[in-house]
Amino acid sequence: MEFIAAKCPQCGADLQVPDNKDFVYCLYCGSNIKVRDAVLIKDNVNIENFIEIAYEAIKNRNFMEANEYLNRVHEIDINNVKAWWGKAGTSINSSTGYDTLISAGINYAKKAYDLADEKDKAEIKEKMIAELCGHDLWSSHIDSLFLLFDEFGQDDIRPLKKIVDICNKNIYSSLKPHPDSNKLFEHRSRAMNLIMKMDSKSYSQLETKCKQLENGRIEQIKSIRVVLVSRKISDLNDKYLMGNVIFSAILALIIGAYFSTLNSLKDIWFLFSVVIFTLYCLIYYSLIKGEAEKSISDSDVINY
Ligand SMILES: [Zn+2]
């Protein structure tokens, strides 16, 4: 027979109780007490202290210490909601961008959620969703957000909206295609499909937003292309300037020499040279424009 530290549930006195008995009498107040209750109460005192130390450590971002105390709580009581919740906080706060730690945090929070009573369940769920969706997350966190959605009832669209938001931010962060753009589009349409089933109004709002972003991108590419082509045209004009001057001079000389002998045809001569010159300009411009447009590739535009 061994004695274990316990506390009388009636008078709160510290006791040593035999581990082989179910009931004992308190030496101080005389009540008949259940040994298991008395031992648990004694442990609970420690548990509350451990939890307090751990939560304080989390506040001070001392996650190693926090985990140490939370593990001690779990050694005594594996079903302790506060300790699982504390582990969730530790894991998520120490993640600094690592998705695995955020996923682990979500799993810990889910344990707390499953063990909690109804009122705490609602609070845990709300805190988890609000906290994670309020954070500035990256594309590496998309899997975690899907996990969050799956684990907490699949009835809250905030994680899905956040996923669409992250995908759009990355897809449209620059004109250059994102290295993971295929994956991002895949994630986005998966999230959008789920939203469509849950909330058609939010779905159409998001759909409009995605389209606007896509159109904005197309417009931007178009306007950059216009700028690049006109630059190229001016470069080509510079390049062919001498040729144009010489050609125009020769044209003027030939036409002039031919018609200058016939005084009566001077008006026609004037009209004819205007027509020739206009034709020349049109042909020249369309050739140059064609050459400029051909020389500007899509990658010139997106790398601009
Ligand atoms: Zn007592």
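Source: prediction; values computed, not measured. (Residues numbered from 1 in each chain as written. Predicted model: local features only at pLDDT ≥ 70, side-chain atom pairs only at ≥ 80, totals over all residues.)

## Thoughts on the overall build of the protein
A count of helical and extended segments in the protein gives eleven helices and four strands. Radius of gyration (C-alpha) of the protein: 39 Å, far over the 19 Å computed for a compact globule of 304 residues. Oriented by its inertia axes, the alpha-carbon framework of the protein measures out at about 140 × 40 × 25 Å. A total of 304 residues make up the protein; the buried ones form 22% of that total. A separation of at least 24 residues holds for 51% of the contacts in the protein among residues at least 6 apart in sequence. (Helix = DSSP H or I, 4+ residues; strand = E, 2+ residues; numbered from the N terminus. Rg over C-alpha atoms; globule rule 2.2 N^0.38 Å. Buried ≥ 20, exposed ≤ 12 C-beta atoms within 10 Å, placed from the backbone. Contact = placed C-beta atoms within 7 Å.)

## Remarks on the pairing of strand E1 (residues 3-7)
Of the strand pairs in this sheet, E1 and strand E2 (residues 14-18) are connected by five bridges, and their pairing is antiparallel. Note that in E2 the partner of Ala6 across the bridge is Leu15. The turn joining E1 and E2, which pair antiparallel and follow one another in sequence, is formed by six residues; a positive phi near 80 degrees is taken by Gly12. (Pairing = 2+ DSSP bridges.)

## Quick look at the nonpolar core
Ranked by internal contacts, the top residues of the largest apolar core, which has 42 residues, are Ala54, Ala109, Ala112, Leu148 and Ile163. Ranked by size, the runner-up nonpolar core spans seven residues in total, among them Ala6, Cys8, Val17 and Ile33. (Core = buried A, V, L, I, M, F, W, Y, C linked by C-beta atoms within 7 Å.)

## Section: the packing of helix H1 (residues 35-59) against helix H3 (residues 81-93)
Interhelical geometry of H1 versus H3 gives an angle of 15 degrees and a closest axis separation of 10 Å. In this view, H1 runs roughly parallel relative to H3, as classed from their interaxial angle. Here the hand of the crossing between H1 and H3 comes out left-handed. Residue-level contacts link Ile51, Ala54, Tyr55 and Ile58 of H1 to Lys82, Ala83, Gly86, Gly89, Thr90 and Asn93 of H3. (Axes fitted to C-alpha atoms, helices over the stretch in contact; angles between N-to-C directions. Parallel < 35°, antiparallel > 145°, perpendicular 65-115°, else oblique. Left-handed = near helix turned anticlockwise from the far one by under 90°.)

## Observations concerning the packing of helix H4 (residues 99-115) against helix H5 (residues 118-134)
Direction vectors running N to C along H4 and H5 enclose 160 degrees, while the axes themselves pass 8 Å from each other. By the angle between their directions, the pair H4 and H5 is classed as roughly antiparallel. Note that H4 runs across H5; the crossing there is left-handed. Across from Ala109, Ala112 and Tyr113 in H4, the residues of H5 making contact are Lys121, Ile124, Lys125 and Met128. For the contact of H4 with H5, a count of residues per class yields five nonpolar, no polar and two charged. (Nonpolar A, V, L, I, M, F, W, Y, C, P; charged D, E, K, R; others polar.)

## Thoughts on unusual backbone geometry
Trans is the prevailing form of peptide bonds, just as negative phi is the prevailing case for residues other than glycine. Notably, Arg61 is not glycine yet its phi reads approximately 60 degrees, a positive angle. By the secondary structure assignment, Arg61 is in the loop between H1 and helix H2 (63-76). Even without a glycine there, the phi angle at Gln154 is positive, about 50 degrees. Within the secondary structure layout, Gln154 lies in the loop between helix H6 (142-151) and helix H7 (158-171).

## Concerning H6
Buried within H6 we find Ile142, Ser144, Leu145, Leu148 and Phe149. Each buried residue of H6 lies within a common arc of 160 degrees when the element is viewed along its axis, so the set occupies one face. Where H6 is buried, its residues contact H4, H5, H7 and helix H8 (181-198). Note on H6: the residue one or two positions beyond its end, Gly153, has a positive phi of about 95 degrees. (Arc of directions from axis to C-beta.)

## Some remarks on the environment of Ile76
Checked against the element boundaries, Ile76 lands in helix H2. Counting along the chain gives 33 residues from Ile76 to Asp43, while the straight-line C-alpha distance between them is 7.4 Å. Excluding its chain neighbours within four sequence positions, the residues that come into contact with Ile76 are Asp43 and Ile47.

## Here's the deal with the environment of Ile302
Along the chain, Ile302 falls in helix H11 (residues 298-302). Residue Ile302 is classed as partly exposed on the basis of its C-beta count, with 15 C-beta atoms lying within 10 Å. Spatially, the C-alpha atom of Ile302 lies 67 Å from that of Ile41, the residues being 261 residues apart in sequence. Apart from residues lying up to four places away in sequence, Ile302 is in contact with Leu175 and Lys176.

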